Amino acid sequence: MSSSNDRRVAYFYDAEIGNYHYGQGHPMKPHRVRMTHNLVVNYGLYRKMDVFRPRLMSPMSMTRFHSDDYINFLKSITPDNMNEYSRQLQRFNVGEDCPVFDGLFEFCRLYTSGSIGGAIRLNDDLADICINWSGGLHHAKKAEASGFCYVNDCVLAILELLKKHERVLYIDIDIHHGDGVEEAFYTTDRVMTLSFHKFGEYFPGTGDVLDIGYGAGKNYAINFPLNDGMDDKSFKSIFRPIMDAVMEKFRPGAIVLQCGADSLSGDRLGCFNLSLKGHADCVAYVRSFNVPLLVLGGGGYTLRNVPRCWTYETSVLLGMEGESEIRDALPYNDYFEYFGPDYRLHLPVSNMENLNSTAYLEKTKVQLLEVLRQIECAPSVQMQTGGTIPKALMNAPVEGKGDDDVKMAGDGDGSRGIDRNEMSVDKKEHPAEFAA
């Protein structure tokens, strides 16, 4: 592993991801990933990392977690033949929050392949940090779509990491509870799930502080339920001590960090009050442990804010803090008009009330630290024995067939990265993507 200031960072992006459209008025807009990439390029961040177009994983690789009939359904369904699948639409929870749209399965393959590809690269020790902003769709279940998510790339990436690492930590700072990931690993002690989320009459309704895992997985699911108005100071006061205890007790060989941007102030569906710096402080702190790290996207529904967040966090993952921090004035880019009227990277937070009292946060923190205290300290040397993954998850078919991840061309100055023109390749935006 490289030193803390000299990380090998790999970044996965496919220009096709922004071409998919959930439907008019739907809050989930894959176009935000293209906007993020455009900012990453125009800030010059691509020069500091290896940029890859992920190889497409086979549908069979998705059945390491998902059921065969569910994946076959996703492969088959189209807007034109929906009438022939009325029973399956209901069975697999596809139709409203998770609509059928043109290219649905190809979209799932794209974002999932970036996450699995990142995990493979970490396992092969070809990178210290891998980024896939199109991933992080954490609500999907074994045989059910949920919360705008169809294929759970987080779970599939964790299963890939478990091929090499005895223990994997999953951290979720999306405003919504990472229920699909928690459910997948609820009975194993090889994966710890740690989620900080809004709780109480809020989707998906899971993630109570008392939900701590079951059987061998007891005490390996950590949930910190929060109320409206969570701000930077409060979040930092709970995130860091919980993380310290998790790292001391669990000692993961790899970490998956889901960075849903719907916990930012002003999100269309969110109700927290975090600034970009408050959100990114979590990313910087996780990075500081110097453990192989896969960073994923997730939620985020105010279109102008998500690219700001993930671009800034890309710079943080590259170690660009302090004097080397990227400038606040946004560089000119293809979507410059989105970022008016100030055209700045950082945005002010609102004056909404923080309903998380210091007493509540302290009480819940102490409660969770007690749960973690009950975990037997993991050995410092990686073992080949120990906890198990449920057989249903580890009956792994062969890896997806296809070309290796394609490294995008440098820009002619000998630097690592991507051609600045790559950004505009296949740029066929759906006009409705420009709706706020």
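Residues numbered from 1 in each chain as written. Predicted model: local features only at pLDDT ≥ 70, side-chain atom pairs only at ≥ 80, totals over all residues. Heavy atoms only, no water.

1. Re the packing of helix H5 (residues 104-123) against helix H6 (residues 153-161)
The geometry of a pair of packed helices is captured by two quantities: the angle between their axes and the separation between those axes. Heads up, the condition is: Here an axis means a line fitted to C-alpha atoms, over the contact stretch when the element is a helix, while the angle between two N-to-C directions is reported on a 0 to 180 degree scale. Counting from the N terminus, the helices are DSSP H or I runs at least four residues long and the strands are E runs at least two residues long. Roughly parallel means an angle under 35 degrees; roughly antiparallel means over 145; roughly perpendicular covers 65 to 115; every other angle is labelled oblique. Note on convention: near helix rotated counterclockwise from far helix by under a right angle means a left-handed crossing. Clockwise means right-handed. Contacts are assigned to residue pairs that have any heavy atoms within 4.5 Å of one another.
At their nearest, the axes of H5 and H6 sit 9 Å apart, and the two run at 20 degrees to each other. Between H5 and H6, the angle is such that the two are roughly parallel. The handedness of the crossing between H5 and H6 is right-handed. Side by side, H5 and H6 meet where Tyr 111, Thr 112, Ser 115, Ile 116, Ala 119, Ile 120, Leu 122 and Asn 123 of the first sit next to Asp 153, Leu 156, Ala 157, Glu 160 and Leu 161 of the second.

2. Here we look at the environment of Asp 189
In plain terms, the rule: Burial classes follow relative accessibility: with a 1.4 Å probe on protein chains only, a residue under 20% of its type's maximum area counts as buried, one over 50% as exposed, and anything between as partly exposed.
Mapped onto the secondary structure, Asp 189 falls in the loop between helix H7 (179-184) and strand S5 (191-198). Under the relative-accessibility criterion, Asp 189 is labelled partly exposed at 22%.

3. Description of the nonpolar core
Put simply, the rule reads: In this description, a nonpolar core means a group of buried Ala, Val, Leu, Ile, Met, Phe, Trp, Tyr and Cys residues linked to one another through side-chain atoms lying within 4.5 Å.
In terms of nonpolar packing, the biggest core is built from 138 residues, with Tyr 150, Leu 169, Ile 171 and Phe 239 touching the most fellow members. Not counting the four nearest positions on each side in its chain, Leu 169 is found in contact with Met 192, Leu 194, Met 243, Val 246, Met 247, Phe 250, Pro 252, Ala 254, Ile 255 and Val 256.

4. Some thoughts on the packing of aromatic side chains
Two descriptors summarise a pair of aromatic rings, namely the distance from one centre to the other and the angle between the planes of the rings. Applied cut-off: Working definition: a ring pair exists when centres of Phe, Tyr or Trp rings (six-membered ring for Trp) sit within 6.5 Å. Plane angles under 30 degrees give stacked, over 60 give edge-to-face, the rest tilted.
Inspection of every chain in the model, using the stated rule, returns 22 aromatic pairs. Summarising the aromatic geometry, the rings of Phe 336 and Tyr 343 are spaced 4.6 Å apart at their centres and angled 15 degrees between planes, so their arrangement reads as stacked. Take Tyr 343: its relative accessible area is 31%, and that puts it in the partly exposed class. In this structure an aromatic cluster arises from ring pairing among Tyr 20, Tyr 22, Phe 101, Phe 107, Tyr 111 and Tyr 150.

5. Some remarks on the pairing of strand S1 (residues 9-12)
The condition that has to hold: Criterion used throughout: strands pair if DSSP finds at least two bridges between them. By convention, orient the strands away from the viewer: a clockwise path from the first strand over the helix to the second makes the crossover right-handed.
Neither face of S1 is left uncovered, since the one carrying Val 9 and Tyr 11 and the one carrying Ala 10 and Phe 12 both have all their residues buried. Across three bridges, the pairing between S1 and strand S3 (residues 129-132) is parallel. By the bridge assignment for S3, Val 9 is matched with Ile 129. Bridge count between S1 and strand S2 (residues 50-53): three bridges; the pairing is parallel. Residue pairing across strands places Tyr 11 opposite Val 51, the latter belonging to S2. Remark: the S1/helix H1 (residues 31-42)/S2 crossover connection has right-handed handedness.

6. Digging into helix H11 (residues 358-373)
We count it as follows: The span one expects for a helix is its residue count, reduced by one, times 1.5 Å. By definition, the arc is the one covered by directions from the helix axis to the C-beta atoms.
For H11, which comprises 16 residues, the first-to-last C-alpha distance of 22 Å matches the rise-based estimate of 22 Å (1.5 Å per residue) to within 8%. Those residues of H11 that fall on the buried side of the exposure criterion are Leu 361, Thr 364, Lys 365, Leu 368, Val 371 and Leu 372. For H11, the angular spread of the buried residues around the axis is 115 degrees, confining them to a single face. Every exposed residue of H11 that faces more than 90 degrees away from the buried side is listed here: Ala 359, Lys 363 and Arg 373.

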